[in-house]
Amino acid sequence: MLPAVLLATLALFVVSLGYGVVVPLLPDLAGGRAATDEALLSAVYASYAATKIATQVPGGVWVDRAGPERPLRLALVAYVVSLSGFLVGSDLVWFSVVRAVEGAATGLIYPAAFALALRGADPAHAGRRLGTMVGLGTAGMLVGPALGGWLGVDDPRRPVWVALALTMPVLAWALLRRPAPAPAPRAGTVGDEVRRLAHVARDLAFVGVALPIAFNKLTFSSFQGLLPLYGPDHLGVGARGVTALFVLTGVAFAGAQPVGGWLADRMGPRRVIGAATLPLLGGLALQRAADGPWAFAAAYGLYVASASLVFAATLKHVTVAFGAKDTYGGLFGMVGTLTDLMTVIGPLLFLNLYAAVGENIGPWMAACGVPFVLGWARWSGRRPRVHEP
């Protein structure tokens, strides 16, 4: 099953790379900063988030009923079309449409990739697969902005061409690869499966299992906006120093995820989450006490590495507690919807809080994590009410 895991990882990498490449280039692609309307620019970002959130659960149900290959192929084709849209237009209204297509494609690729990577896997040993796929696959979101900023100085379309060139071999592989046999026809309807997922979402056992990943996304997404502010305001570093912190983020995230999955396979996910929670909250709290950029980088790196261990272990916990054969698409579509919502809420919450508390934002983040930890400790060990579809 190694080729399936590799294809799933590459699919996640190219879509996350494309997302990251375009983010810093949007004003230039639209004609320059002077021609950029902030309201329309926010609509471009919102259209991506809205369609990605809306697609993941129904897309995951389709994956479970049809198998992951067909949805993955369609999604990669739609993703290539969306990237190409940035090469033929220069209007933010047009980019809103293009970004909406990209969001829908990405929202379908995520559950398809999880289902493809887990096909035939023993859930008891799925942690390393998930940690490797997510750690390496989503690293493209951190590589993309650096690539866009580096290659887009003279021509903002050049990084888009590079992202397309990297995507085409992955698309060709997905199209030419012989698919596995489709799942057996389901007895229930699509509505039955959606209702089953809604039942799972209301189960306190699922809520408890999902709380660590919700807090991770709530804080992790916020640092994309916080670091460019916190660095100059309180660490005395400029663009290079902030870029170094983003590089640290990518290295720690990609390196710790496979380790977290491996540990979850050997020790059990709850033990890994319990052991990593204290350094996670400690890394946030210690940022306030950091004396200079190096000390801050050490505290921040501790947070990122610990959060990545928790993230990988939580994916394993979701798999063994609620997953079953041919249900991973809908399950991880639901998890993806949760994480995307946290990615929207986190920056709104903590960037506004930063405006009020300044360099105390780290301890405030840690304090916000305490209810999540308590909920996880109380509910995540419960027996799920629903396991089979």
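Residues numbered from 1 in each chain as written. Predicted model: local features only at pLDDT ≥ 70, side-chain atom pairs only at ≥ 80, totals over all residues. Heavy atoms only, no water.

S.K.: Describe the pattern of salt bridges, and please don't skip the residues or the numbers.
M.R.: Following the criterion strictly, the structure yields eight salt bridges and no others. Residues Arg 119 and Glu 69 are paired through a salt bridge, measuring 2.6 Å at the closest nitrogen-oxygen approach. In this pair, Arg 119 is assigned in the loop between α5 (92–118) and α6 (127–137) and Glu 69 in helix α4 (residues 69–88), connecting sequence segments 50 residues apart. Accessibility expressed as a relative area gives 22% for Arg 119, which makes it partly exposed. With relative accessibility at 10%, the residue Glu 69 sits in the buried group. Among the salt bridges present, the one from Lys 316 reaches Asp 265, with a minimum N-O distance of 2.8 Å. Separated by 51 residues along the polypeptide, Lys 316 in helix α13 (residues 293–322) and Asp 265 in helix α11 (residues 239–267) bring together distant segments of the chain. The exposure classification of Lys 316 matches that of Asp 265, with both residues buried. The network of salt bridges with common partners includes Glu 69, Arg 119 and Arg 177. (Salt bridge = Lys/Arg side-chain N within 4 Å of Asp/Glu carboxyl O. Helix = DSSP H or I, 4+ residues; strand = E, 2+ residues; numbered from the N terminus. Buried < 20%, exposed > 50% of the residue type's maximum accessible area, 1.4 Å probe, protein only.)

S.K.: Give me the lowdown on the nonpolar core, citing residues and values where you can.
M.R.: Ranked by internal contacts, the top residues of the largest apolar core, which has 110 residues, are Phe 86, Met 133, Tyr 303, Phe 332 and Ile 361. The element that contributes the greatest number of residues to this core is helix α10 (residues 204–235), accounting for 15 residues. Setting aside residues up to four positions removed in sequence, Met 133 forms contacts with Ala 8, Thr 9, Leu 12, Ala 113, Phe 114, Ala 117 and Thr 138. (Core = buried A, V, L, I, M, F, W, Y, C linked by side-chain atoms within 4.5 Å. Contact = heavy atoms within 4.5 Å.)

From the geometry alone we can't say anything about function, so treat these as descriptive.
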